[in-house]
Amino acid sequence: MDRGTRDTEPGRVVLRPAGEVDMANSAELEATLTEALHRPGVREVVVDLADVRFLDSSGVRVLVRGAAVGRERDVTMRVTGPQPGVARVLRITGVGALLGLADSETGRPVARGWRGLD
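Remember, predicted model here, so these are calculated numbers, not experimental data.

Thresholds, definitions, all that
Throughout this description, residue numbers start from 1 for each chain and increase along the sequence as written. Residue-level local features of this predicted model are given only where pLDDT is at least 70; pairs of side-chain atoms are given and counted only at 80 or more, and the full residue set underlies all totals for whole chains, interfaces and linings. The side-chain values count all of the structure's non-hydrogen atoms but skip hydrogen atoms and water molecules. What makes a nonpolar core is a set of buried Ala, Val, Leu, Ile, Met, Phe, Trp, Tyr and Cys residues whose side-chain atoms join them at distances within 4.5 Å. Each residue is assigned to one of three classes by its accessible area relative to the maximum for its type, calculated with a 1.4 Å probe on protein chains only: buried under 20%, partly exposed between the two thresholds, exposed over 50%. Numbering of helices and strands starts at the N terminus; helices are DSSP runs of H or I of at least 4 residues and strands are runs of E of at least 2. Contacts are assigned to residue pairs that have any heavy atoms within 4.5 Å of one another. In this description, a line fitted to the C-alpha atoms serves as the axis of each element, helices being fitted only across the stretch in contact, and the angle between N-to-C directions of two axes falls anywhere from 0 to 180 degrees. In this scheme, roughly parallel covers angles under 35 degrees and roughly antiparallel covers those over 145, while 65 to 115 is roughly perpendicular and the rest are oblique. Crossings are classed by handedness, with left-handed meaning an anticlockwise turn of the near helix from the far one by less than a right angle and right-handed meaning a clockwise turn. Gly falls in the polar group here, along with every residue not listed as nonpolar (Ala, Val, Leu, Ile, Met, Phe, Trp, Tyr, Cys, Pro) or charged (Asp, Glu, Lys, Arg).

Caption draft 1: Representation of the nonpolar core. Membership of the largest hydrophobic core comes to 27 residues, with the highest contact counts inside it found for Val 45 and Leu 90. Here this core gets five residues from one element, more than from any other, and that element is helix α2 (residues 57-73). When sequence neighbours within four positions are dropped, the list of residues in contact with Val 45 reads Val 13, Leu 15, Leu 33, Ala 36, Leu 37, Val 75, Thr 76, Met 77 and Arg 78.

Caption draft 2: Structural context of the packing of helix α1 (residues 26-37) against α2. Running from N to C, α1 and α2 cross one another at 10 degrees; their axes reach a closest spacing of 10 Å. As judged from the angle between their axes, α1 and α2 are roughly parallel. When you trace α1 past α2, the crossing you get is right-handed. Each of Ser 26, Leu 29, Glu 30, Leu 33 and Leu 37 in α1 lies in contact with α2, whose residues at this interface are Ser 58, Gly 59, Arg 61, Val 62, Arg 65, Gly 66, Val 69, Gly 70 and Arg 73. Here the contact of α1 with α2 is built from residues that sort into five nonpolar, five polar and four charged.

The following block contains the structure:
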């Protein structure tokens, strides 16, 4: 998994992993995401999945854990731009709302929280 991190504006960090996020390399994404969420002054962390072609359950776990850490620290953590196969994994695991994904049919943001329950 290749990765890129950039500060796009004060308080906002964008992570852009590439390739595959699986059991072999999800720890790398987790370390990068955790570091970003703990940066002083950060208010939002965006994980741009446009270049991720495969995501397994260990990658989903990293993203869900990142969202939980973000909530604890009052930092918005969301994902954007998943390719169709990755979007499908996030949809069938039911974590799209937690990760701030827009509804695929309406294009509108889904409710925040686990399955939109809060």
